[in-house]
Amino acid sequence: MNMIEAINSAMDIMLERDPATVVMGEDVGYFGGVFRATAGLQKKHGKTRVFDTPINECGIIGVAVGMGAYGLRPVPEIQFADYIYPGLDQLVSEAARLRYRSANDFICPMTVRTPFGGGIFGGQTHSQSPESIMTHICGVKTVIPSNPYDAKGLLIAAIEDNDPVVFLEPKRIYNGPFSGYYDRPVEPWSKHDASAVPEGYYRIDLGKAATVRAGEAVTVLAYGTMVHVAKTIIDEIGIDAEILDLRTLLPLDIEAIETSVKKTGRCLIIHEATRTSGFGAELAALVQERCFYHLEAPVERVTGFDTPYPHSLEWAYFPGPVRIATALTKILKD
Amino acid sequence: MPETPPKASLRRPAGNLPPLSLHIPEPRYRPGDTPDFGDIEVPAVDATPRPGEATKPDAMRELCYGLVRVLDFDGVAKGPWNPKLSPERLRMMLRTMMLVRAFDDRMFRAQRQGKTSFYMKCTGEEATSVASTMAIDRSDMCFPSYRQQGILITRDYPLIQMMNQIYSNRGDHLMGRQLPIMYSAPEYGFFSVSGNLATQYPQAVGWAMASASKGDSRIATVWCGEGSSAEGDFHSALTFATVYNAPVIFNVVNNQWAISSFSGFAGSERTTFAARAVGYGIAGLRVDGNDPLAVYAATQWAADRARTNNGPTLIEHFTYRSEGHSTSDDPNAYRPADEATAWPFGDPIARLAQHLELLGEWDADRHQAQAKDLEGIVKTTQKQSEKLGILGHGMHQPFETMFQDVFEEMPWHLKEQCDQMLAEREAKFGPDWKPE
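Treat the numbers as computed from the prediction; the structure is a model and nothing was measured.

(A) Representation of the pattern of salt bridges. Residues and elements named next belong to chain A. Taken as a whole, this structure holds 40 salt bridges over all chains when the rule is applied. A salt bridge links Glu169 to Arg113; the nearest nitrogen and oxygen atoms lie 2.6 Å apart. In this pair, Glu169 sits in strand β6 (residues 165–170) while Arg113 sits in strand β4 (residues 111–116), placing the two residues 56 residues apart along the sequence. Considered together, Glu169 and Arg113 belong to a single accessibility category, that of buried residues. Of the charged contacts, one joins Lys263 and Glu242 as a salt bridge, the two residues approaching to 2.6 Å between their closest N and O atoms. Placement of Lys263 in helix α9 (residues 254–264) and of Glu242 in strand β9 (residues 241–245) is noted, with a sequence separation of 21 residues between them. Owing to a relative accessible area of 41%, Lys263 belongs among the partly exposed residues under this scheme. For Glu242, a relative accessible area of 6% corresponds to the buried category. Because the salt bridges share partners, they merge into one network encompassing Arg213, Lys231, Asp235 and Asp240.

As structure tokens, then:
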């Protein structure tokens, strides 16, 4: 399966297993979603389980909060993460705090799925990476898969979770892993081990990182698209790096990070989102607080620049092979 | 220095076009003025027709601009909207509204005595929640704004639990996490109150959609003020409600004032709030909100409509906020002190009492005795509640409750922060600290 098929399969299974599951969003019903993630689900499960919504993100998330209060398990789609902002108040002030403010009287078992990230010539309104805004909200979990196998298992776990989850899907790798070289041919998922996805139900617990590559020289912390970009560069320049795919940003697998950095003594953090107050800042602080006496070099960040995502110059913005290789060289020399 | 030419938008065009002017709404009366509402149109009690509950919205538009009334100003109930309630029901309605008022008076005073941080009365607007709640089924779900204490009191929620919440004391089942009056009572069909305005509007629609999709028979009902009808959430909710024909009742309590901003800042200078329904193709009713029987009748109509799959209704309750927005503002700073008494629609409690008296089912002595009785109940309950603590006099909850319920299970970072906080507590209070 590619990532879209895996995500579709996760929703299909949850619609089948739990009559409370409801899938909704702009264009998700009859048409099956602009990225085809919900293709065939309405036909199979019916219009009251899988349906189109008005173009109104405040309404989509607000209505999902009310459905959750009734006892449903809504899985709203926000067509692009860039469009989540009109619904942010419902997410920050309502969904995230409902359990807390009502002392468990009401809960919000909602999974907001949304494609994020650039590299598809989406311009400034179809390329953003708002994960650090999500992790800054108290009461929301933030999950980012990097391959079809994880996407399915994590999405099932997210839907089954009784707290609101923001499930960010790296759209650049929906149809194949991305090497970071935009000028090379695209590789399909079928050549990647993680495209072997079981048909049936399985879950990957939230809050657990995965070791993509074991190594001794430096720990690389990445998630989503950047896992594949990092791996390509590291294999190319032949560094014995350990790559951790964080998979869940909140709750974070701090044990995995600590163990790895204490072993390697060096840490490089890679994300596509803008740099200032990005999730890399949180990771760098945590590594410094917990691993300072094991560090042999300053913690480095490779990120997007603090500009809106430029349309024609997106590959100059993207934290690609040159930026990553430069940072790796520096961190290993220090 | 070279002169920078002005941006195009700041340059005035050539020619003799008249200058535009910007309109900033201004209420008619300010402190020191003599308010006169003589020009407010009050249609006759029997002038507003009562269409069938399944009537198409475009065939009943005039109801968005009229006024549903039942009680005339002499206390006589008449016209097609008369719900013809039994004297027992009327007395129960009166008692509930009086209890709300007694509760409000007592809790307002408690705030002034420094026993809590905040309080909000609903004086003059009791009918908009009490009569409204009486007209729906006990199992229907209410999504209140912050001034609907009348819902809980109508549904016999224990007063002591409301007070415990107001005091954030040991008995507060929300563990002191919420600002006073932001109750939550699922077993009473009362959704957790948010401090953010109109956010409950789309939530109520979502609940109603869920109920409909499950083939349930319960409907949802939701409240906001006229001021917060300007929020995007209000319009999101109406859009979703009309698209999915959701079984929901939207109440806009138009009490004329949003803190110090009069209703003109939500658009009242141009049209009514009920008329918002027209653009969405849903049913709209404009009701005398100080007439408990009209509120009851309109809500009953809307509930029947929703329950028979005929869709949502928007009800504007035309009323007046007789007191401040909350304990935090002084209404005399922005409106005439006697504006409430000049309001032509009277007081809902006085009007219902007058009606019952006309029927021979009530009299001044009974009224006085009941007021005293209710005051006593509230006072006794208050004493019991205060035994469980008042805000600011000691800390009433175990500190670790602060970290509970952020998530179903506490993640490591919250556990660490909880440990830190407990260490801070020990440093300040020693190892034997217990909730006070």
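(B) Local environment of the packing of aromatic side chains. Using the criterion set out here, one finds 35 aromatic pairs over all chains in the structure. Centroid distance A:Tyr70 to B:Trp207: 5.0 Å. Interplanar angle 75°. Geometry classified as edge-to-face. Pair noted here: A:Tyr70 is in helix α3 (residues 57–70) and B:Trp207 is in helix α5 (residues 200–213), and the two residues belong to different chains. By the burial criterion, A:Tyr70 is buried, and B:Trp207 matches it. When the centroid spacing of 4.7 Å and the interplanar angle of 20° are considered together, the rings of A:Tyr149 and A:Tyr202 count as stacked. Remark: A:Tyr202 occurs in the loop between β6 and β7 (210–213) and A:Tyr149 occurs in helix α7 (residues 148–160); sequence separation between them is 53 residues. Look at A:Tyr149 and you get partly exposed, because its relative accessible area is 32%.

(C) The interface of chain A and chain B, seen in detail. Taken together, the 45 residues of chain A in the interface contact 45 residues of chain B. Across the interface of chain A and chain B, roughly 3600 Å² is buried in total on both sides, 62% from carbon and sulfur atoms. When the buried area of chain A at its contact with chain B is split by residue, A:Tyr70, A:Tyr100 and A:Arg101 rank highest and sum to 22% of it. Notably, a salt bridge pairs A:Arg290 with B:Glu416, separated by 2.5 Å at the nearest N-O pair. For the interface between chain A and chain B, the tally reads 23 residue pairs in polar contact (both at pLDDT 80 or more). Within the residue set of the side of chain A that touches chain B, elements represented by two or more residues are β2 (50–52), α3, α4 (88–95), α5 (98–101) and α10 (279–291) of chain A. No other element matches α3(A), which puts 10 residues into the side of chain A that touches chain B.

(D) Structural context of the environment of B:Leu94. Residue and element names in this part refer to chain B. Along the polypeptide, Leu94 turns up in helix α1 (residues 87–112). In this structure, the C-alpha to C-alpha distance between Leu94 and Ala131, residues 37 residues apart in sequence, is 9.3 Å. Filtering out sequence-adjacent residues up to four positions away, Leu94 remains in contact with Ile349, Leu352, Ala353, Leu356, Trp362, His367 and Gln370.

(E) Summary view of the sheet that holds strand β2 (residues 220–225) of chain B. All names here are of chain B. In spatial order, the strands read β1-β2-β3-β7-β6; together these 5 strands make up an open sheet with parallel pairing. Looking at which strands have only one partner, the edges of the open sheet turn out to be β1 (141–143) and β6 (283–288). Within the sheet, the average angular offset between the axes of one strand and its neighbour, ignoring direction, is 20°. Sheet strands in contact with α5 are β1, β2, β3 (248–254) and β7 (313–318), and its direction is about 170° off that of β2.

(F) Layout of empty space enclosed by the protein. Within this structure, the stated rule accounts for 3 cavities of 30 Å³ or more. The calculated volume of the largest cavity comes to roughly 60 Å³. Residue lining of the largest cavity: A:Phe116, A:Gly117, A:Ser129, A:Glu131, A:Pro170, A:Tyr223, A:Thr225, A:Met226, A:His271 and A:Glu272, and that is the complete set. For the lining of the largest cavity, the secondary structure elements donating two or more residues are α8 (225–237) and β11 (267–274) of chain A. Counted by class, the lining of the largest cavity contains 4 nonpolar, 4 polar and 2 charged residues. Each of two domains, domain 1 (3–195) and domain 2 (210–332) of chain A, supplies a minimum of three residues to the lining of the largest cavity. When its volume is computed, the second largest cavity comes out at roughly 50 Å³. Lining the second largest cavity, in full, are B:Tyr157, B:Gln161, B:Gln165, B:Gly171, B:Asp172, B:His173, B:Leu174, B:Tyr183 and B:Ser184.

(G) Layout of the domain arrangement of chain A. Residue and element names in this part refer to chain A. Taken domain by domain, chain A holds domain 1 (3–195) and domain 2 (210–332). For domain 1 and domain 2, the distance between their C-alpha centres works out to 25 Å. Here domain 1 and domain 2 share an interface that buries about 2600 Å² over both sides, 60% of which is from carbon and sulfur atoms. When residues of domain 1 are sorted by the area they lose upon contact with domain 2, Phe121, Ile144 and Phe178 head the list and together hold 20% of the total. Across the contact surface, domain 1 and domain 2 share 2 salt bridges. Residues Arg247 and Asp150 are paired through a salt bridge, measuring 3.2 Å at the closest nitrogen-oxygen approach. On inspection of domain 1 and its partner domain 2, the count reaches 17 residue pairs in polar contact (both at pLDDT 80 or more). Listed by contribution, the elements that provide at least two residues to the side of domain 1 that touches domain 2 are α6 (131–135), β5 (141–143) and α7.

(H) Quick look at the environment of A:Leu15. Residues and elements named next belong to chain A. Relative to the elements of secondary structure, Leu15 occurs in helix α1 (residues 3–17). Classification of Leu15 as buried rests on a relative accessible area of 2%. In the structure, Leu15 is positioned 35 residues away from Val50 in sequence and 8.9 Å away in space, judged by C-alpha atoms. Leave out the neighbours within four places in its chain, and Leu15 touches Thr21, Val22, Val23, Leu41, His45, Arg49 and Val50.

(I) Structural context of the packing of α1(B) against helix α10 (residues 348–358) of chain B. All names here are of chain B. Contact geometry for α1 and α10: axes closest at 10 Å, N-to-C directions at 155°. Taken together, the axes of α1 and α10 are roughly antiparallel relative to one another. For α1 against α10, the interelement crossing comes out left-handed. Contacts between α1 and α10 involve Pro87, Leu90, Arg91, Met93, Leu94, Met97, Met98 and Arg101 on the former and, on the latter, Pro348, Ile349, Leu352, Ala353, His355 and Leu356. In terms of residue class, the contact of α1 with α10 is built from 11 nonpolar, 1 polar and 2 charged.

The rules behind the values
Residues numbered from 1 in each chain as written. Chains lettered and ligands numbered in written order. Predicted model: local features only at pLDDT ≥ 70, side-chain atom pairs only at ≥ 80, totals over all residues. Heavy atoms only, no water. Salt bridge = Lys/Arg side-chain N within 4 Å of Asp/Glu carboxyl O. Helix = DSSP H or I, 4+ residues; strand = E, 2+ residues; numbered from the N terminus. Buried < 20%, exposed > 50% of the residue type's maximum accessible area, 1.4 Å probe, protein only. Phe/Tyr/Trp six-rings, centres within 6.5 Å; stacked < 30°, edge-to-face > 60°. Contact = heavy atoms within 4.5 Å. Buried area = accessible area lost by both parts, 1.4 Å probe. Polar contact = N/O pair within 3.5 Å; in protein donor to acceptor, adjacent residues only side chain to side chain. Pairing = 2+ DSSP bridges. Axes fitted to C-alpha atoms, helices over the stretch in contact; angles between N-to-C directions. 1 Å grid on protein atoms, 1.4 Å probe; cavity = no way out; pocket = protein on both sides within 12 Å on 5 of 7 lines; lining within 4 Å. Points joined across faces, edges and corners; volume = space filled by probe spheres on them. Nonpolar A, V, L, I, M, F, W, Y, C, P; charged D, E, K, R; others polar. Domains from an automatic or database assignment. Parallel < 35°, antiparallel > 145°, perpendicular 65-115°, else oblique. Left-handed = near helix turned anticlockwise from the far one by under 90°.

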